[in-house]
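Each chain, letter by letter, is given below.
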Amino acid sequence: MRKSISYKKGDSFARVWTLRLILGAGASYALAMGVLSLFRHFGSEAMLVVGFLCAFALMPGIVLVLFCFPSQRAHGRTTGRSLKTLAIVPLAAILSIAGVQ
Amino acid sequence: MRDNLRIRMGWLHEWVGFVGGLILVITFTAGSLALFDTELTRWMQPELSRYTPAPMTDQALNEVGTLAAEMRSEGANAFITLPTPRDPIIRIQHFDGHAFVGSAYRPDTAFPVATRQTGGGQLFFDLHHSLYYGPFWGNMLTEIAAIGLLVAVGSGVVIHFRSIFTDLLLFRPFASKTRAFMDAHILAGILFLPFMVMMAYTGAVIHAPRLFPMFGGNHHGRPGHERPQQTAHSQHTHTPRTEADDAPAAAPLAPMFHQAEDVFGTGTIGLVLFDHGKVSMTKADSASFAITRDHLEFSETDGTLLKTVRAPDTLHRLGGTLRGLHFIRWAPLPLRWLYFLSGLVGSAMMSGGLVLFLMKHRNQKAGRFDFRLAETLTIAVTTGLPLACLAYLWANRLIWSDIQFRSGIEVRVFFGVWAFSVAHAAWRSFSGRSKQGWNEQCFLFAAFALALLPLDLLTRSMNSFFNGLDVYKAVDLTVIGLGTLAFLIHRRLATP
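The rules behind the values
- Residues numbered from 1 in each chain as written.
- Chains lettered and ligands numbered in written order.
- Predicted model: local features only at pLDDT ≥ 70, side-chain atom pairs only at ≥ 80, totals over all residues.
- Heavy atoms only, no water.
- Helix = DSSP H or I, 4+ residues; strand = E, 2+ residues; numbered from the N terminus.
- Buried < 20%, exposed > 50% of the residue type's maximum accessible area, 1.4 Å probe, protein only.
- Contact = heavy atoms within 4.5 Å.
- Areas by Shrake-Rupley, 256 points an atom, 1.4 Å probe, with all protein chains shown as cover.
- Salt bridge = Lys/Arg side-chain N within 4 Å of Asp/Glu carboxyl O.
- UniProt positions renumbered as here; feature names shortened; annotations may be inferred.
- Pairing = 2+ DSSP bridges.
- Buried area = accessible area lost by both parts, 1.4 Å probe.
- Polar contact = N/O pair within 3.5 Å; in protein donor to acceptor, adjacent residues only side chain to side chain.
- Core = buried A, V, L, I, M, F, W, Y, C linked by side-chain atoms within 4.5 Å.
- Phe/Tyr/Trp six-rings, centres within 6.5 Å; stacked < 30°, edge-to-face > 60°.
- Expected span 1.5 Å × (residues − 1).
- Patch = residues over 30% accessible without salt bridge, like charges linked within 9 Å, V, L, I, M, F, W, Y side chains within 5 Å.
- pLDDT = per-residue confidence, 0-100.

As recorded by an unreviewed UniProt entry, chain B carries the name Iron-regulated membrane protein and is attributed to Asaia krungthepensis NRIC 0535.

This is how it looks when you write it as structure tokens:
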């Protein structure tokens, strides 16, 4: 059976959004670790609880912010490149942790 | 399909909500029950219904202290819980890997009360924070689900932001089933949004080191740099035992208890912990809003005061405040009931969300294996879990009270019935009669819930039956209420 354009488009969106969700989860975890490292480095062990509060506010926030960006450019292609750009975020976080430690 | 903010958020809400919801329904249902863990434990020890509360005497405390020391010398990691208004009895307990079990003693004479061995309400506590799956993976799963809940709440708010006030007034229970479920889901979601966000957030922060093991440590605002080892809801630790641990206590506990009360206030001491030749008179969790576990440490051999340990500053108290908000051990009964109802509404709201997910995908994917699996799991958590909880209560009263490994058998009945409900759900779902699966499980729950009161009356002493509302009648009436609700849902499902 032939699938409608709308159906195929829906499938492609779902793929992009799934990828975005997975990358978002990874990025938010890495960023949370970065935040916790900063709290431990510049504060004390006791400050970690504030770090955890910030991390758990940040993690869902990052995923939601990622889903605020449209997945389509003006001419209709899905933004694969922007997703690749997103992979830089965890890399930056890991580098920041390494720098702090 | 268009690509706009509402559709993207709708997709996120749908999928994160469904996958996380399967865990969160368990967490919220078990958490609601765990709020009354002490009361459920008392219900599950019907021998205590003959017991009339009496004030604790020094002699009784000393005698129980000697008994605890003897148990410790035999290798048990025993500690003492002192009488509280919720549980007016002295208990010597130890951690069995999942729950704190032990023996009960009269607080006036230290005479042992022969109670049946049961994990009681602590099963729900374990199920709530780690899905009975151990402190590492279980905790981590619930942590991830809590973040999923925050994402689902955030995306849900974005979806309904334009009509958030009209949705508050809109509930059409007799419209089409999809509409009715959607209205109920949105209404409960908006009304109980602060509660759910607070619980998910505080719950996630409390167990944060499970998700970030590299940042574990003294984060709970507990004083000192070590984690308490035999506290009421901490995990079992395998510290090497020393001779000092094994030696029976020479010093009586009563003078230490009074000294601790002088420091922290009358009626505030709830736990007596033993650790490496030291006795800790620890503040009860219910003594203050923040759970800080302040304590006085004494030498176990001569009873001299070694040190006073308090939360040193606001930062240390912050973790305790989060625990206080989440566990509300400090709260009076009405607030505890409010939390209980909010938890149940949260659980019902998420169950509604799972059903809506299935309704949305049924037309296109009804014949697919993954849809049937999703349906099976949904039935298992929405109706199978309450059925298993009820079976746990029934098993407690029907299994012989003196049988060996009794508490383990009760837990096996719980998981056995849950597994049966999964099998039943799979059978009904894969044969294309999922509605019947829901219906049958609802009916079964209603029947056994309505019969719990007669079971209770038949299996415990009736001496105190006309003494007003006690913990036994409260449990029976609550279960009857839930059973009636299940029967109404069954009637609604039965109508075409």
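From this point, the discussion proceeds with the structure in view.
Undergrad: Account for the overall build of chain A, naming residues and giving values.
TA: From N to C terminus, chain A includes 4 helices and 0 strands. When its helices and strands are written in sequence order, chain A yields α-α-α-α. Out of the 101 residues belonging to chain A, those deemed buried represent 39%. Partitioning the intrachain contacts of chain A with sequence separation of at least 6 by distance along the chain shows that 70% fall at a separation of at least 24.

Undergrad: How would you explain the overall build of chain B if you had to name every residue and give the values?
TA: When you go through chain B residue by residue, the secondary structure sums to 18 helices and 8 strands. Expressed as a percentage of the 496 residues in chain B, the buried residues total 53%. A separation threshold of at least 6 residues defines the contact pool for chain B, and within that pool the share at least 24 residues apart is 69%. Total accessible area on chain B stands at roughly 21,600 Å², and carbon and sulfur atoms take up 67% of it.

Undergrad: Summarise the pattern of salt bridges; cite the residues concerned and give the values.
TA: Residue and element names in this part refer to chain B. All told, the structure shown has 20 salt bridges over all chains when counted by the stated rule. The partner of D285 in a salt bridge is R293, and the shortest N-O contact between them spans 2.7 Å. Taking relative accessible area as the criterion, R293 reaches 5% and is therefore assigned buried. Here R362 and E375 are joined by a salt bridge, their closest N and O atoms 2.8 Å apart.

Undergrad: Requested: an account of the UniProt feature "transmembrane region" (unreviewed entry) in chain A, with residues and values cited.
TA: Residues and elements named next belong to chain A. Per the UniProt record, "transmembrane region" (unreviewed entry) is found at residues 21–40, 46–69 and 81–100. Secondary structure content for residues 21–40 is 100% helix and 0% strand, while the C-alpha to C-alpha distance between its ends is 28 Å. The span residues 46–69 is 79% helix and 0% strand, and its two end C-alpha atoms sit 37 Å from each other.

Undergrad: How would you sum up the sheet that holds strand β3 (residues 100–105) of chain B? Please name residues and give values.
TA: Residues and elements named next belong to chain B. Ordered by their spatial adjacency, 8 strands build an open sheet running β4-β3-β2-β1-β5-β6-β7-β8, and the pairing between neighbours is antiparallel. Of all strands in the sheet, those bounded by a partner on one side alone are β4 (112–113) and β8 (305–309). Pairing analysis gives 5 bridges linking strand β6 (residues 278–283) to strand β7 (residues 295–299), with the strands arranged antiparallel. Its bridge partner being in β7, K278 is matched across the sheet by S299.

Undergrad: Explain the interface of chain B and chain A to me, and be specific about the residues and the numbers.
TA: If you look at the interface, chain B gives 35 residues, while chain A gives 37 residues. Of the roughly 3,100 Å² buried between chain B and chain A, counting both surfaces, carbon and sulfur atoms make up 78%. Linking chain B with chain A are 0 salt bridges. Of all the secondary-structure elements, those providing two or more residues to the side of chain B that touches chain A are α1 (5–34), α5 (134–160), α8 (193–206), α9 (208–211) and α12 (314–327) of chain B.

Undergrad: Explain the side chain of T382 of chain B to me, and be specific about the residues and the numbers.
TA: Residue and element names in this part refer to chain B. With respect to the helices and strands, the residue T382 is situated in helix α14 (residues 369–398). Relative accessible area serves as the criterion here: at 16%, T382 is assigned to the buried category. Within the local environment of T382, its side chain forms a polar contact with the backbone oxygen of T378, the two atoms lying 2.6 Å apart. The residues touching T382, leaving out its near neighbours within four places in the chain, are S351, L354 and W438.

Undergrad: Help me get a handle on the nonpolar core, residues and values and all.
TA: Counting 97 residues, the largest nonpolar core has F52 and F56 of chain A together with F124, F212, M350, F414 and W418 of chain B as the members making the most contacts within it. Considering every element that reaches this core, the biggest residue donor is α14 of chain B, with 13 residues. Discounting chain neighbours no more than four positions away, the residues touching F124 of chain B are A30, L33, A34, L40, C389, Y392 and F414 of chain B.

Undergrad: An account of the packing of aromatic side chains is needed here, citing residue identities and associated values.
TA: Residues and elements named next belong to chain B. This model, assessed by the stated rule, comprises 25 aromatic pairs over all chains. Measuring from ring centre to ring centre gives 5.5 Å for F79 and F100, while their planes differ by 85°; the resulting arrangement is edge-to-face. Of this pair, F79 sits in strand β1 (residues 79–81) while F100 sits in strand β3, and the two are 21 residues apart along the sequence. A relative accessible area of 7% means that F100 is categorised as buried. When the centroid spacing of 5.5 Å and the interplanar angle of 45° are considered together, the rings of F369 and F430 count as tilted. Of the two residues, F369 is situated in helix α14 and F430 in helix α15 (residues 406–430); the sequence distance between them amounts to 61 residues. For F430, a relative accessible area of 41% corresponds to the partly exposed category.

Undergrad: Could you give me a rundown of helix α16 (residues 434–450) of chain B, with the residues and numbers involved?
TA: Compared with an ideal rise of 1.5 Å per residue, which puts 17 residues at 24 Å, α16 of chain B spans 24 Å between its outermost C-alpha atoms and is within 8% of the ideal. Restricting attention to buried positions, one finds in α16 of chain B the residues S434, G437, W438, N439, Q441, C442, F445, A446 and A449 of chain B.

Undergrad: Just give me the short version of the UniProt feature "transmembrane region" (unreviewed entry) in chain B, but keep the residues and values in it.
TA: UniProt annotation of "transmembrane region" (unreviewed entry) refers to residues 12–36, 144–165, 186–206, 337–359, 371–393, 413–430, 442–459 and 471–489 of chain B when read in the numbering used here. Along residues 442–459 of chain B, the helical share is 89% and the strand share 0%, with 25 Å between the first and last C-alpha atoms.

Undergrad: Can you explain the pairing of strand β2 (residues 90–95) of chain B? Please cite residues and give values.
TA: The side chains of a regular strand alternate, first on one face of the sheet and then on the other. Residues and elements named next belong to chain B. The element β2 is extensively covered by neighbouring structure, given that 5 of its 6 residues are classed as buried. When β1 meets β2, the two strands line up antiparallel, connected through 3 bridges. Across the sheet, I80 pairs through a bridge with I92, a residue of β2. For β2 and β3, the ladder comprises 6 bridges, and the chain directions are antiparallel. Across the sheet, residue Q93 finds its bridge partner in β3, namely G102. Between β2 and β3, which follow one another and run antiparallel, lie 4 residues, and G97 among them has a positive phi close to 105°.

Undergrad: Any chance you could break down unusual backbone geometry for me, citing the residues and the numbers?
TA: Glycine aside, a negative phi is what most residues show, and trans is what most peptide bonds show. All names here are of chain B. Of note in this structure, Y132 is not a glycine but carries a positive phi near 60°. In this fold, Y132 is placed in the loop between α4 (122–130) and α5. Positive phi outside glycine occurs at H276, with the angle close to 50°. Residue placement: H276 occurs in the loop between β5 (269–275) and β6. You can call H276 partly exposed: its relative accessible area is 33%.

Undergrad: Any chance you could break down a nonpolar patch on the surface for me, citing the residues and the numbers?
TA: Residues and elements named next belong to chain B. Together, Y133, F136, W137 and L141 give the surface a local cluster of nonpolar side chains, amounting to about 450 Å² of exposed area. Structurally, the position occupied by L141 is in helix α5. Relative accessible area serves as the criterion here: at 35%, L141 is assigned to the partly exposed category.

Undergrad: Lay out the confidence of the model for chain A in plain terms, naming residues and giving numbers.
TA: Detailed reading of the predicted model is not advised wherever pLDDT is low. For chain A, mean pLDDT is 78; residues scoring 70 or higher make up 61% of the total. When pLDDT is averaged over each helix and strand of chain A, the minimum, 56, is found for helix α3 (residues 80–86) of chain A and the maximum, 94, for helix α2 (residues 48–66) of chain A.

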